[in-house]
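The residues making up each chain are set out below.
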Amino acid sequence: MFGFLSLDLLLIAAVAWLVIGVAGLLAPGNTRFIAQLLFPVGAAIGIGVGLIGIAALGAPAETAVLAIGLPDLPFHLRLDNLSAVFALLLGFASAGISVYSAGYFREGKGTAPGLLCVEYHLFLASMLMVLLADDAYAFMVAWECMALSSFFLVTTDHRHDEIRRAGFLYLLIAHIGAIGILLCFGVMTGGAGDYRFAAMRAMELTPAWSSAAFLLALAGFGAKAGLVPLHVWLPEAHPAAPSPVSALMSGVMLKTAIYGLLRVSFDLVHTTIWWWGVVALAVGLATALFGVLYSTVQSDMKRLLAYSSIENIGLIAVGIGLTLVFHAYRMEALAALALTAVLYHCLAHAGFKSLLFLCTGSVLHATKERSLGKLGGLIHRMPWVAWLALAGIIAGAGLPPLSGFVSEWLLLQGFLFSPSLPHPWLNMIVPVAAALVVLVAALAGFAMVKFYGIIFLGQMREPALKDAHDAGPWEKAGLVWLTLVTVLLGVLPSPVILRLDAATRQLLGAGLADTLREQGWWMLAPISAERASYEPLLVLATIAVVLMVTRWLVRALYHGRVRRGSPWDCGYHFEGPRAQDTAEGFSQPIRRIFEPMFRMERHFPAARDKQPYYSVKVEDHFWHWCYLPIARLANSISAMIVALQGGRIAVYLMYSFITLLLLLLVARP
Amino acid sequence: MSSIPFSAQLINLFAAAILLLGFAMLAQRRNLALVNLFAFQGLCLCLATLTTAISTGQTHLFYSAGLTLALKVVALPWILYRLVRQLNVGGEAEALINIPTTMLVGIVLVMIAFNVALPISELSQTITRGTLGIALAVVMLAFLMMITRQKAISQVVGFLSMENGLFLAATSATYGMPMVVELGIALDVLVGMIILGVFFFQIRDQFDSLDIRHMEKLKDN
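Note that the structure is a prediction, hence the values are computed from the model and not measured. (Residues numbered from 1 in each chain as written. Chains lettered and ligands numbered in written order. Predicted model: local features only at pLDDT ≥ 70, side-chain atom pairs only at ≥ 80, totals over all residues.)

Peer 1: Sorry, what's going on with the overall build of chain B here?
Peer 2: Assigned secondary structure in chain B consists of seven helices and zero strands. Taken from the N to the C terminus, the helices and strands of chain B come in the order α-α-α-α-α-α-α. For 221 residues, the compact-globule estimate of 2.2 N^0.38 gives 17 Å, and the C-alpha radius of gyration of chain B, at 18 Å, lies within 12% of that figure. Counting only C-alpha atoms and orienting by the principal axes, one finds that chain B spans roughly 55 × 35 × 35 Å. Once local pairs closer than 6 in sequence are excluded, the contacts in chain B between residues at least 24 apart make up 75%. (Helix = DSSP H or I, 4+ residues; strand = E, 2+ residues; numbered from the N terminus. Rg over C-alpha atoms; globule rule 2.2 N^0.38 Å. Contact = placed C-beta atoms within 7 Å.)

Peer 1: Would you take a moment to explain the overall build of chain A for this structure?
Peer 2: Of the regular secondary structure elements, chain A holds 24 helices and four strands. The globule rule puts the C-alpha radius of gyration for 669 residues at 26 Å, and the 26 Å found for chain A is close to it. Sequence separation of at least 24 residues holds for 80% of the intrachain contacts in chain A that already meet a minimum separation of 6.

Peer 1: Hey, could you run me through the interface of chain B and chain A in this one?
Peer 2: The extent of an interface is frequently quoted as the accessible surface area lost upon association of the parts. Taken together, the 13 residues of chain B in the interface contact 12 residues of chain A. When contributions to the side of chain B that touches chain A are tallied by element, the ones reaching two or more residues are α4 (99-123) and α5 (132-148) of chain B. No other element matches α4(B), which puts four residues into the side of chain B that touches chain A. Of the residues contributing to the side of chain B that touches chain A, the split by class is 11 nonpolar, no polar and two charged. (Nonpolar A, V, L, I, M, F, W, Y, C, P; charged D, E, K, R; others polar.)

Peer 1: In this structure, what is going on with the pairing of strand β1 (residues 62-70) of chain A? I would like to understand it.
Peer 2: Side chains on a regular strand alternate between the two faces of the sheet. Residues and elements named next belong to chain A. Bridge analysis of β1 against strand β2 (residues 73-79) gives six bridges, and the strand direction is antiparallel. Directly across from G69, in β2, lies its bridge partner P74. Counting the residues between successive antiparallel strands, the hairpin from β1 to β2 contains two residues, one of them, D72, with a positive phi of roughly 65 degrees. (Pairing = 2+ DSSP bridges.)

Peer 1: Help me understand the packing of helix α13 (residues 332-367) of chain A against helix α17 (residues 473-491) of chain A, please; the structure alone is not making it clear to me.
Peer 2: Packed helix pairs are characterised by how far apart their axes lie and by the angle those axes make with each other. Residue and element names in this part refer to chain A. At a minimum axis distance of 9 Å, the contact between α13 and α17 shows a crossing angle of 150 degrees. In terms of axis orientation, α13 runs roughly antiparallel to α17. In this structure, α13 meets α17 at a crossing whose hand is left-handed. On the side of α13, the interface is formed by L347, A348, G351, F352, S354, L355, L358, C359 and S362, while α17 contributes E475, G478, L479, L482, T483, V485, T486 and L489. In the contact of α13 with α17, the residues fall into 10 nonpolar, six polar and one charged. (Axes fitted to C-alpha atoms, helices over the stretch in contact; angles between N-to-C directions. Parallel < 35°, antiparallel > 145°, perpendicular 65-115°, else oblique. Left-handed = near helix turned anticlockwise from the far one by under 90°.)

Peer 1: Explain the environment of A:A112 here, please?
Peer 2: Residues and elements named next belong to chain A. Summarising the element assignment, A112 is placed in the loop between α3 (81-104) and α4 (113-132). Remark: the alpha-carbon pair of A112 and L25, spanning 87 residues in sequence, is separated by 9.6 Å. Setting aside chain neighbours within four positions, we find A112 in contact with P28 and G29.

Peer 1: Help me understand the packing of α5(B) against helix α6 (residues 152-174) of chain B in this model?
Peer 2: All names here are of chain B. As a packed pair, α5 and α6 sit with axes 8 Å apart at the nearest point and diverge in direction by 165 degrees. Between α5 and α6, the angle falls in the class roughly antiparallel. The way α5 lies across α6 gives a crossing that is left-handed.

Peer 1: Please clarify how the nonpolar core should be interpreted in this entry.
Peer 2: A:L10, A:L89 and A:L128 are the most contacted members of the largest nonpolar core, which totals 218 residues. Looking at which element gives the most residues to this core, the answer is α13(A), with 21 residues. Setting aside chain neighbours within four positions, we find A:L89 in contact with A:V252, A:K255, A:C346, A:L347 and A:A350. Judged by nonpolar contacts, the second largest core, of 56 residues, contains B:L50, B:L71, B:L132 and B:L210. (Core = buried A, V, L, I, M, F, W, Y, C linked by C-beta atoms within 7 Å. Buried ≥ 20, exposed ≤ 12 C-beta atoms within 10 Å, placed from the backbone.)

Peer 1: Sorry, what's going on with the confidence of the model for chain B here?
Peer 2: Detailed reading of predicted coordinates is not advised where the pLDDT is low. All names here are of chain B. Residue-level pLDDT values for chain B average 83, and 93% of them are 70 or greater. Helix α7 (residues 179-207) is the least confidently modelled element of chain B, averaging 80 in pLDDT, while helix α2 (residues 31-56) averages 90, the highest of any element. For this predicted complex, the interface confidence comes out at an ipTM of 0.83, alongside a pTM of 0.79. (pLDDT = per-residue confidence, 0-100.)

Peer 1: Hey, could you run me through α5(B) in this one?
Peer 2: Each α-helix winds once per 3.6 residues, and so residues spaced three or four apart point in a common direction. With 17 residues, α5(B) ought to run about 24 Å at 1.5 Å a step, and its terminal C-alpha atoms sit 25 Å apart, in line with that. For α5(B), the tally of buried residues reaches 17 of 17 residues, placing the bulk of the element in the interior. (Expected span 1.5 Å × (residues − 1).)

Peer 1: When you look at the pairing of strand β3 (residues 599-603) of chain A in this model, what are you seeing that I'm missing?
Peer 2: Residues and elements named next belong to chain A. Sparse coverage of β3 is indicated by the burial of zero of its five residues. One ladder, built from five bridges, connects β3 with strand β4 (residues 615-619); its direction is antiparallel. Counterpart to R599 in the pairing with β4 is E619.

Peer 1: Even after reading the chapter, I still don't get unusual backbone geometry, so can you show me in this structure?
Peer 2: Working note: non-glycine residues mostly have negative phi, and peptide bonds are mostly trans. Residue and element names in this part refer to chain A. Residues V228 and P229 are joined by a peptide bond in cis, for which omega reads 0 degrees. By secondary structure assignment, the location of P229 is in the loop between α8 (207-225) and α9 (233-240). A cis geometry characterises the amide bond from P400 onward to P401, with omega recorded as 5 degrees. In this structure, P401 sits in the loop between α14 (383-396) and α15 (403-416). One non-glycine residue, R330, lies in the positive phi region at around 55 degrees. Judged by the 10 C-beta atoms lying within 10 Å of it, R330 is exposed.

Quick look at the structure:
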């Protein structure tokens, strides 16, 4: 491409992002300059990154050594098919989010726009570097840059106590994860001290050490991705962050963790042991089920989406687990099917979850309200946002013909082939897992219906909502772009999977391309057309035809014959918009059915209450099971240690003296 | 005893004097006299190093001896004198533990030091190896002095005396450290002394006294 390697172009893109960020510091207070010039340029670079990613798929891997880094420890870079998939995800998703941000960030409290611009573009550039890194040192540097820049983005509105707390929690868990990743790299060098990925690929580890590396990677990257029990930062950080940042973190940053997990478990470690897959499957299922259940009972729209992100990451982890199981038994065609589902779900989720988070941003700007209980009926005031959000909702609920359905369908296809596994226990476990995945998909539909129905449909619950305005042109452009991505991923899966084939072929040596090429681009049949096939355009056409016919029938038969009168009010005279189903009421059946899964504090009105009210607070069990005991332990240990600090210099000197004496006596030759 | 050469006997004599001065410092209550004792200790150290240099012909030990003379016999005692005069703290210094008890603890420490140093000095080939135990004992006595004194100035003298002990240990075990290291340490001690001098004035301004018990308030709760 113009004499440049794709890797060079990506590097130029990363540097360009950094330059744009620094350019924001030239006029840190000039919102117009930063928002309407720098962010759109950043979006253009994003599209460039996406296109380079597409071009690099199927091309041979490219490597480079950068001159920067420590002496004798330069940065090694490598662009292969796996990096390319995630680079295209990063590019296309960030393009939409950057365009949206051009209209979103405005003057106000919190971080100055110039600083925000630096943090935002540093975040993008460091995510790109994570994908390109080819040695542990470069990887960790980029990874930490990513964590820090996103921490500052989360705490944009740092004047609020709770936002600072959320940011701290995020940073804490990010660093616990980073320790896991660092240890994982340490294990994979096998003690040879060579931290290049090429050396790790060449290293032959014993099964025990390979397992240690895999488990450390699962924990380390899981902390970033939001796998149970290290998920607690997501529902805190996402509501705290500005909406484009939430979109970027949920849509793209979580995927870099998935990238890392795939890189370690399929590329850097050679051996694959079947129980790794079972572990990933179990953790993924727990995460998915937990995430979706909690997302159904939230009454804050961004929290709901955050838990839904946890659920999607769980589904991705389930896919990785299934891939590992198939890969361990050398059933590479099926492993490729599961891995394609994983990659496809990464792409789909990046599209629709960014879209939904951006929609919450528009709603938040228009209404200043995050609580579902105070929204409603916004489709009348914000038709653009409402209709574009509908695309995200359909994809998020996993309904045809949009992107979420394709990946979930592929994943379930993978499960359907599991009876051929040569292991009796697995043959029993895996169908149960498949059933749970279906349950998760159904509950995800419930959560999405709740999100959409409460915000956009019905009547306005508050009079102030009448002043809500639709999104501005920049915001609309960003939303339309992401909707387009979601729709295209939904209706044209075959061309995308033909591209993804290069990545699965690199990792597993098998792909779906051969089967797909026999069938034509309109049809998706991963193994054979006789087993199962999906024709998205046909589904789309059917839906369109049914809708149009129905509309025509309604118009033809009932047009002009509608009578409007007041409905039967069941004997109540005072029914206003507040009498609609609330967010809490909508999810009450779920709370009732899955009661043991929640930690609830409920207050019911009593018959004699002067001011009766009902409230329900749902808390995360993991706080009380894992985190609070650890916090209490740390507190009590600190209290013991603080007793050493008497404030007397003589006593402090005595400590050193006694230590010296003991060491002299113990270490006597 | 006749098997020990004269120079080694001389070195042992000076080392013994250093140890004795260490005990004297532990027993001395007056700050001004403490500075005098410190200067004497530095002088003994200088002479011991000089003797070693002459008997072994190690040229860099001459420089070390000169450095010791300049720094520990002249410069530091002079600075300390001025500080004591300016701060007007020449008088009685209260100890946390009474003097006889301190001396008894000091004797125990000397025994431990000799016990610990014995196997090391057997490995050493130097002419000065017998003084390693003394050096360790001086370090410990200085440490003890830092612990038991309440005035900041006597703690600084204890710190400097500890450095003397370390220097003696380095000379006796390996004929001194490389010149660069010695120069670095000398500079550190000098700079540290100046900074502590500044601190004395700050502490006195803050608390109207150099008594370190006042600093107990500084801990965070």
